[in-house]
Amino acid sequence: MTSSDHDALSKPSQFLVDNLDLLPVGKALDIAMGAGRNALFLAAHGFTVEGVDYSADSVNQALKIAHEKGLPLVAFVADLEAGYQIQSDIYDLIICFNYLQRSLFPGIKAGLKIGGLVVYETFTVDQVMFGRPRNPEFLLKHNELLDIFRDFRTLFYREEIVDNRKAVASLIAQKVK
Ligand SMILES: C[S@@+](CC[C@H](N)C(=O)[O-])C[C@H]1O[C@@H](n2cnc3c(N)ncnc32)[C@H](O)[C@@H]1O
């Protein structure tokens with residue numbers, strides 16, 4: 001593992017860090033949280049965070065760090081493709097980084113309270129220039145994320161190449177009705 005790979009696993013997403021001031025402090029959900037770099041960052045900034053991932057090792061690692069740092073984190077081991085239900089109307093913030101499962105979008109929308117925000121960043125089809133993921137199932141088309149959240153108020157949207165090795169789309173959008 002290179003040091004930049006290690007940073008990517010342990011440091012919170014720069015997109016999340018850069019936009020912290022926009023986010024409504026409250027109840028947050030991190031979908032496919034991995035070892036919790038973003039969930040732990042939010043917990044350290046006053047959010048009440050829940051996280052979900054199907055890797056028990058990753059969830060346990062996140063819980064261990066939360067315990068060591070005295071951060072409140074509730075984390076579940078669950079397979080998002082096996083009927084995981086996001087509770088409706090309870091989250092002020094839902095985040096998802098580096099994971100695409102299109103069937104989750106209705107649940108993400110329903111899970112947010114009115115006024116709540118979604119922060120989403122994952123790979124686009126341009127990622128094939130750099131390597132994995134290559135499966136179109138896991139790659140956003142151009143404008144796809146923007147179109148999916150058309151019924152939300154878009155606060156930020158961008159498609160870009162990061163560090164010459166990641167092609168991503170990044171969105172912050174607010175549930176308005
Ligand atoms: C590339 S990692 C991203 C982790 C984290 N969001 C981040 O950016 O650091 C993708 C994560 O999705 C999780 N994952 C993949 N398929 C899943 C599924 N069906 N249910 C739950 N988690 C899943 C993996 O265990 C992994 O932690």
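All values derive from a computational prediction rather than experimental measurement. (Residues numbered from 1 in each chain as written. Predicted model: local features only at pLDDT ≥ 70, side-chain atom pairs only at ≥ 80, totals over all residues. Heavy atoms only, no water.)

**Q** Hey, could you run me through the site of the ligand in this one?
**A** Around the ligand, 14 residues are found, and the nearest of them are Ala32, Arg37, Asp53, Asp79 and Phe97. Between the ligand and the protein, one listed contact pairs a nitrogen atom with a backbone N or O atom of Ala32 at 2.7 Å. A distance of 3.1 Å is found between a nitrogen atom of the ligand and a backbone nitrogen or oxygen belonging to Tyr54. Within the complex, the protein chains bury 79% of what would otherwise be the 590 Å² of accessible surface of the ligand. Class assignment of the residues belonging to the shell around the ligand gives a composition of seven nonpolar, three polar and four charged. (Near = heavy atom within 4 Å. Polar contact = N/O pair within 3.5 Å; in protein donor to acceptor, adjacent residues only side chain to side chain. Areas by Shrake-Rupley, 256 points an atom, 1.4 Å probe, with all protein chains shown as cover. Nonpolar A, V, L, I, M, F, W, Y, C, P; charged D, E, K, R; others polar.)

**Q** Sorry, what's going on with the pairing of strand S7 (residues 166-174) here?
**A** Each regular strand carries side chains that alternate between the two faces of the sheet. The buried fraction of S7 amounts to eight of the nine residues, a majority that puts the element mostly inside the structure. Sheet analysis places strand S5 (residues 112-123) next to S7, joined by seven bridges and oriented antiparallel. Paired with Val118 across the bridge in S7 is Ala173. Across nine bridges, the pairing between strand S6 (residues 153-162) and S7 is antiparallel. (Buried < 20%, exposed > 50% of the residue type's maximum accessible area, 1.4 Å probe, protein only. Helix = DSSP H or I, 4+ residues; strand = E, 2+ residues; numbered from the N terminus. Pairing = 2+ DSSP bridges.)

**Q** Help me out: how do you make sense of unusual backbone geometry in this one?
**A** With an omega dihedral of -10°, the bond running from Arg132 to Pro133 counts as a cis peptide bond. A positive phi angle, near 55°, is found at Ala32, a position not held by glycine. Structurally, Ala32 can be placed in the loop between strand S1 (27-31) and helix H3 (37-44).

**Q** Could you clarify how one ought to interpret H3 in this entry?
**A** One turn of the α-helix equals 3.6 residues, which is why residues spaced by three or four share an orientation. With seven of eight residues buried, H3 lies mostly within the body of the structure. Considered for burial, the residues of H3 that qualify are Arg37, Asn38, Ala39, Leu40, Phe41, Leu42 and Ala43. Note on H3: the residue one or two positions beyond its end, Gly46, has a positive phi of about 95°.

**Q** Help me understand the packing of aromatic side chains, please; the structure alone is not making it clear to me.
**A** Within the structure shown, the criterion is met by four aromatic pairs. Centroid distance Phe15 to Phe156: 5.4 Å. Interplanar angle 45°. Geometry classified as tilted. Residue Phe15 is found in helix H2 (residues 14-18), and its partner Phe156 is found in strand S6; the two are separated by 141 residues along the sequence. On the basis of relative accessibility, which here comes to 5%, the residue Phe15 falls in the buried class. Classification of Phe156 by relative accessible area gives partly exposed; the value is 25%. (Phe/Tyr/Trp six-rings, centres within 6.5 Å; stacked < 30°, edge-to-face > 60°.)

**Q** Would you mind showing me how to read the side chain of Gln101 here?
**A** Position of Gln101 among the secondary structure elements: in the loop between strand S4 (91-97) and helix H5 (105-111). Here Gln101 falls in the buried class, since its relative accessible area comes to 8%. At 2.5 Å, the side chain of Gln101 forms a polar contact with the side chain of Tyr99. With sequence-adjacent residues up to four places away left out, Gln101 is seen in contact with Leu80, Glu81 and Tyr120. (Contact = heavy atoms within 4.5 Å.)

Geometric descriptors of this kind do not, in isolation, establish any biological role.
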